[in-house]
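Descriptive analysis of the structure
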Amino acid sequence: MPERIADDKERKRRDNLTAFVRAQAATFGFELCRITRPDSIPEAKERLGEFIDAGRHGTMEWMAETRDRRGDPRTLWSDVKSIVVFGLNYGPGEDPRYILEKPDKAAISVYARNRDYHDVIKGRLKEIATRFAARAGADVKVFVDTAPVMEKPLAAAAGLGWQGKHTNLVSRSHGSWLFLGSMFTTADLNIDDAEIDHCGSCRACLDSCPTNAFPAPYQIDARRCISYLTIEHKGPIDLEFRPLIGNRIYGCDDCLAACPWNKFAVSASEMKLQARDDLKEPSIAFLLTLDDAAFRIFFSGSPVKRIGRARFIRNVLIAAGNSGDRSLADQCRWLATDASPVVRGMAIWALSRLMEPGEFAVFAAQRPDETDVGVLAEWQLAGVV
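Not measured: the values here are computed from a predicted model.

Quick notes on the domain arrangement of the protein
Here the domain parsing of the protein yields domain 1 (1-93 + 114-185) and domain 2 (217-382). If you average the C-alpha positions of domain 1 and of domain 2, the two centres end up 33 Å apart. Taken residue by residue, the interface counts 38 residues in domain 1 and 36 residues in domain 2. In total, domain 1 and domain 2 occlude about 3000 Å² of area from one another, counting both sides; carbon and sulfur atoms represent 58% of this. The largest contributions to the domain 1 side of the interface with domain 2 come from Arg 56, Asn 114 and Trp 177, which together make up 23% of the buried area. Put simply, domain 1 and domain 2 have one salt bridge between them. Among the ionic pairs, Asp 116 bridges to Arg 306, the shortest N-O distance being 3.2 Å. The interface formed by domain 1 and domain 2 contains 10 residue pairs in polar contact (both at pLDDT 80 or more). Counting residues per element, the ones that place at least two in the side of domain 1 that touches domain 2 are β2 (82-89), α6 (117-136) and β5 (162-163). Ranked by residue count, the leading element in the side of domain 1 that touches domain 2 is α6, at three residues. When the residues that make up the side of domain 1 that touches domain 2 are grouped by side-chain class, the tally is 12 nonpolar, 19 polar and seven charged.

Some words on the pattern of salt bridges
Summed over all chains, the structure comprises 22 salt bridges. Among the ionic pairs, Glu 240 bridges to Arg 224, the shortest N-O distance being 3.0 Å. In this pair, Glu 240 sits in the loop between α9 (226-232) and α10 (242-245) while Arg 224 sits in the loop between α8 (204-208) and α9, placing the two residues 16 residues apart along the sequence. Put simply, Arg 326, Arg 333, Glu 356 and Glu 359 are held in one network by salt bridges that share partners.

Quick look at the nonpolar core
Counting 118 residues, the largest nonpolar core has Phe 86, Phe 299, Phe 312 and Leu 317 as the members making the most contacts within it. By residue number, the principal contributor to this core is helix α17 (residues 341-354), which donates nine residues. Composition of this core by domain shows at least three residues from each of domain 1 (1-93 + 114-185) and domain 2 (217-382). Those residues in contact with Phe 299 that lie beyond four places of it in its chain are Ile 108, Leu 279, Leu 287, Leu 290, Val 304, Lys 305 and Phe 312.

Calculation rules
Residues numbered from 1 in each chain as written. Predicted model: local features only at pLDDT ≥ 70, side-chain atom pairs only at ≥ 80, totals over all residues. Heavy atoms only, no water. Domains from an automatic or database assignment. Contact = heavy atoms within 4.5 Å. Buried area = accessible area lost by both parts, 1.4 Å probe. Salt bridge = Lys/Arg side-chain N within 4 Å of Asp/Glu carboxyl O. Polar contact = N/O pair within 3.5 Å; in protein donor to acceptor, adjacent residues only side chain to side chain. Helix = DSSP H or I, 4+ residues; strand = E, 2+ residues; numbered from the N terminus. Nonpolar A, V, L, I, M, F, W, Y, C, P; charged D, E, K, R; others polar. Core = buried A, V, L, I, M, F, W, Y, C linked by side-chain atoms within 4.5 Å. Buried < 20%, exposed > 50% of the residue type's maximum accessible area, 1.4 Å probe, protein only.

Written out as structure tokens, the structure reads:
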């Protein structure tokens, strides 16, 4: 009898704490909150290892360096007993691919059109964690993307959605548009069931990729992904991919937007995640004018700021070269003398596409001396020795 009473008390305590954390999640604006165990993703370590061993992580060396910690949450924190996964909707008000038909405008990924989601979510999770720790008398740690935590497999195990053929999380209620965060705790909580895969025979996400970044369903090669190329990749972007990037200057939403489950998605209610008017359709001509100070001011508080002005202008120059708008040539000519080699090199490529052959030959003949190997390689690619 004493054991039964103790079990009942523990069950009631778990129920109360679970209800408390769910209520707190709703209070702080999270649409989804579900719970899983730290041992719920046993296949994640092997899949991550295969991804890295195949070199598909590209230059993201931090993934290789933290692969052991990423493979098992208990390696990150051995005392964790429950993992609470939170989902925050950032759905757009329309199909974001419409801007791809406007070559004079720049396409910025939906998630980056306002405040940095790390800042938005981290503060809320800390507040929830503080309240939960006080109520539960348990230790807690919160994570949002920057730590070696595999949020998508954990979210699938917790039942927020499933990892689709594009490897991103898909929710039956919110489609592709969910930011994820997690709270690790030493408290025992009620565990939710995992979500099953609802992709079926659909391959809309795979077929939508401009660069064929999916070697097979449920596999991605980051080296071919426009999001990786425009955000994570630091050097010149391979010639093969430049025309395929189109006017995407920061990230790519094509595989997310193509998912039929988005028919159930709703636009974000959080004002900090709704697109700023000046980031919905910024003109390529304007973005080319941004020096370092102007770049920092214009993208203050935005995740775009994290890649720095040189990488950003590199991306905008690719969009300019793809635009067919010859009026952009003067600005690209000016950027061909930029202090950054990656900017100079991409300006050469853009000009080779915007100028008539004779005009480009005159420009090449008047070019200043160049010593950077990468920039010299761009001249050679443009047919100038």
